[in-house]
Amino acid sequence: MYKSIGVEAEKTQTINTQLPAHIEVKDLNLWLDNKHILKNINVSIPKHSIISIIGPSGCGKSTLLKTLNRLLDDSAVIQLEGSVLVAGEDIYAKDAEVTTIRKRMGLLSQRPFPLPMSIFDNVAYGPKIHGERNKKILEQIVHEQLVNVGLWNEVKDRLHSSASLLSIGQQQRLCLARGLAVKPEIILGDESTSALDPISTQTIENLLISLKDDYTIVLVTHILRQARRVSDYILFLYDGEVIEFGKTEDILLNPKQELTQKYVKGFIS
Amino acid sequence: MKFRKFKDNLFKSHSILLLCLAIIVFIALFVGLLVKSLPLLQAEKLSDLLLGSIWSPQKEAFGFLPFITGTLWVTGIALVIAVPICIMAAIYLVEYGGNSLRKLVLPLINVLAAIPPVLYGVWGVLMVVPAVGHFIAPVFSVNSTGYSVLSGGIVLAVMIFPIMISVMVEVLKTVPQDLKAASLSLGATKWETITKVILVKARTGLLAAIILGVSRAFGETVAVLMVCGNVPGIPKSLFDAGYPLPALIANNFGEMMSIPLYDSALMFAALWLFIMILAFNIVSRMILKQMEERL
């Protein structure tokens, strides 16, 4: 068996909360190219809250995030044990339909990657591939989601021009709108503000906070202040292991594990 | 210090000189061909030369239309065959086949590029011509010897595979992983991601690869000459023989001295090939530029 770095934690890191679990990761082990990346992950993420996954670079934060919507399926040679339940359904079950799983989760990546098409088509892309053909409904979805991310007034006169002409902050909001257009339950953010200026960062953070009522949001970040600003819970990952998981203020102010203390105080990074 | 500076300057002036040399070769080629074709251009009207379809040097009838159409037929057929195959092959190598397959296949494809054209010609005569004559033409109820623009196109297609596939693979590799992830994470299938995102994103690069292939196809001589029949008439179907411009020049260069204006006519053929390739490159560059601006 593997050797734990932290103190032997209880098997599943659950938080005492009234909210039901939305995502449950059970005994997850993952190898990429025979390298053990994620080690015995047990986490239960409550519904309609924001969770920040923090930890030094290379600790497996992004990998953990990508296992949640099976984005690693196509890359490299992976070997996976354990299970990930979303609303009680095992997304790694044999009969699980990967496109349906991914549709349930919007992904916001490190840098915005608008699809090579117009602003309108970027937002309409998801609904279209899932079979929506009605022009009226598509227009309605695009309008609704662009308003949702506060982009409508900035782009309403150039909906059909290329999305790559937008500023990088606008592009990131467009990507968020694109993700929301397929009506996901969960939003995954992979250091989604790391390429943005402070004002755009703030806009995205405020957006995420406002979306919390309808979505469960999992963020990967290496900025502790951002984790403090936006998240309800923090998960500290170190060398592929969950060291500590708890309410934001507990983790940042009263960490129980020595490693967490060191990380929060900046002794390791 | 002085010496280092001198070396620096020397290199700069050297580079300019070499650049000028390249440009001079280009201009000299054009001017040389033009001067040599002048006798013919003075004797005949340009429109008669380009649109005339009768080729009979002994009677001083120089109609180039059969050769121009022959070139276009062969290149067009090669393109129709090669482009879809190369795009699919490149997609498979980049998106489905892993790294190890790519490392195995790409060098093999590059070996194809190193095979001398005459071998392709021999392969065409031994395999493609009989196949076209005995198997493909009968399907369309056509009588054909097999020496046809179709055979030329097939051989040419195979010859431009390597350059097109290797450039396309490089182009497709530049599409960011995160862009694919963006499409996949919306619930798109891999195929939807390829057709709606990857190919669209890579379209300028893919077009550039096609341009490279076509430029090569335009000028290819020996292999095509061996399989396409070399009859100076305008090909009306895939199974008709054709006579592309490069083949005309190569076939007749030895005997041109005995007939008046013949040498000038062959130089004009070369000049016209030069202009066609130049025009094709300029137009495709303009299209590329427009596409890039729209992205």
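None of these values were measured; they are calculated from a predicted model.

What counts, and at which threshold
Just so you know, the residues in each chain are numbered from 1, in the order the chain's sequence is written. Whichever chain is written first becomes A and whichever ligand is written first becomes 1, with later ones labelled in order. Local features are withheld for residues below a pLDDT of 70 in this predicted model, meaning they are given only at 70 or higher, and side-chain atom pairs are given and counted only at 80 or more; totals for whole chains, interfaces and linings count all residues. With hydrogens and water set aside, each side-chain value is computed from the structure's full complement of heavy atoms. Each helix is a run of H or I in the DSSP string that is no shorter than four residues. Each strand is a run of E no shorter than two, and both are numbered from the N terminus. Relative accessible area decides the class of each residue, using a 1.4 Å probe on protein chains only: under 20% of the type maximum gives buried, over 50% gives exposed, and in between gives partly exposed. His is not counted here, nor are the chain ends, while Lys and Arg score as positive and Asp and Glu score as negative. Put simply, a salt bridge is a Lys or Arg side-chain nitrogen that is within 4 Å of an Asp or Glu carboxyl oxygen. The criterion used for residue contact is that any of the two residues' heavy atoms lie within 4.5 Å. DSSP bridges decide pairing: two strands pair if at least two such bridges lie between them. In this description, a line fitted to the C-alpha atoms serves as the axis of each element, helices being fitted only across the stretch in contact, and the angle between N-to-C directions of two axes falls anywhere from 0 to 180 degrees. Marked domain ranges trace back to an automatic or database domain assignment. Defined in terms of a 1.4 Å probe, buried area is the accessible area two parts forfeit on being brought together, summed over both.

### What about the side chain of Arg102(B)?
Residues and elements named next belong to chain B.
Thought 1: Looking at the secondary structure, you find arginine 102 in helix α4 (residues 99-114).
Thought 2: Buried and unpaired, arginine 102 has glutamate 170 as its nearest opposite-charge partner, separated by 6.9 Å.
Thought 3: In this structure arginine 102 touches Leu93, Val94, Gly97, Pro107, Val169 and Lys173, once residues within four positions along its chain are discounted.

### Some points on the pattern of salt bridges
Residue and element names in this part refer to chain B.
Thought 1: Scanning all chains against the criterion turns up twelve salt bridges over all chains.
Thought 2: Put simply, arginine 216 and glutamate 220 hold a salt bridge, and the shortest N to O gap is 3.9 Å.
Thought 3: Residue arginine 216 is classed as partly exposed on the basis of its relative accessible area, which comes to 30%.
Thought 4: Exposure remark for glutamate 220: the relative accessible area of 11% places this residue in the buried category.

### So, the sheet that holds strand β7 (residues 186-190) of chain A
All names here are of chain A.
Thought 1: If you walk across this open sheet you meet the six strands as β6-β7-β8-β3-β9-β10, and the pairing is mixed. Two strands close off the open sheet at either side, each with one partner strand: β6 (105-108) and β10 (241-247). Between one strand and the next, the sheet's axes are offset by a mean angle of 15°, whatever the strand orientation.
Thought 2: Bridge count for β6 against β7 is four bridges, and the pairing is parallel. The residue of β7 that forms the bridge with methionine 105 is isoleucine 186.
Thought 3: This element, helix α1 (residues 61-68), spans β3 (50-54), β6, β7, β8 (216-220) and β9 (233-238) of the sheet and lies at about 155° to β7.

### Describing the environment of Ala188(B)
Thought 1: Counting through the fold element by element, Ala188(B) comes out in the loop between α7 (177-185) and α8 (190-201).
Thought 2: The exposure class of Ala188(B) is buried, given its relative accessible area of 1%.
Thought 3: With 23 residues separating them along the chain, Ala188(B) and Ile165(B) place their C-alpha atoms 26 Å apart.
Thought 4: Every residue in contact with Ala188(B), bar those within four places of it in the chain, is listed here: Thr99(A), Tyr125(A), Ile129(A), Ser183(B) and Thr193(B).

### Quick notes on the domain arrangement of chain B
Residue and element names in this part refer to chain B.
Thought 1: Each domain of chain B was delimited in the assignment, giving domain 1 (2-43) and domain 2 (49-294).
Thought 2: Summarising the inter-unit geometry, the C-alpha centres of domain 1 and domain 2 are found 29 Å apart.
Thought 3: Counting the surface lost from both domain 1 and domain 2, the interface buries some 1100 Å², and carbon and sulfur atoms represent 89% of this.
Thought 4: Along the contact surface separating domain 1 from domain 2 lie zero salt bridges.

### Observations concerning unusual backbone geometry
Residue and element names in this part refer to chain A.
Thought 1: The backbone phi angle of histidine 48 is positive, close to 50°, even though this residue is not glycine.
Thought 2: Counting through the fold element by element, histidine 48 comes out in the loop between β2 (35-46) and β3.
Thought 3: Classification of histidine 48 by relative accessible area gives partly exposed; the value is 31%.
Thought 4: Even without being glycine, glutamate 191 reaches a positive phi, approximately 50°.
Thought 5: Position of glutamate 191 among the secondary structure elements: in the loop between β7 and α7 (198-211).
Thought 6: Residue classification places glutamate 191 among the buried positions, given a relative accessible area of 14%.

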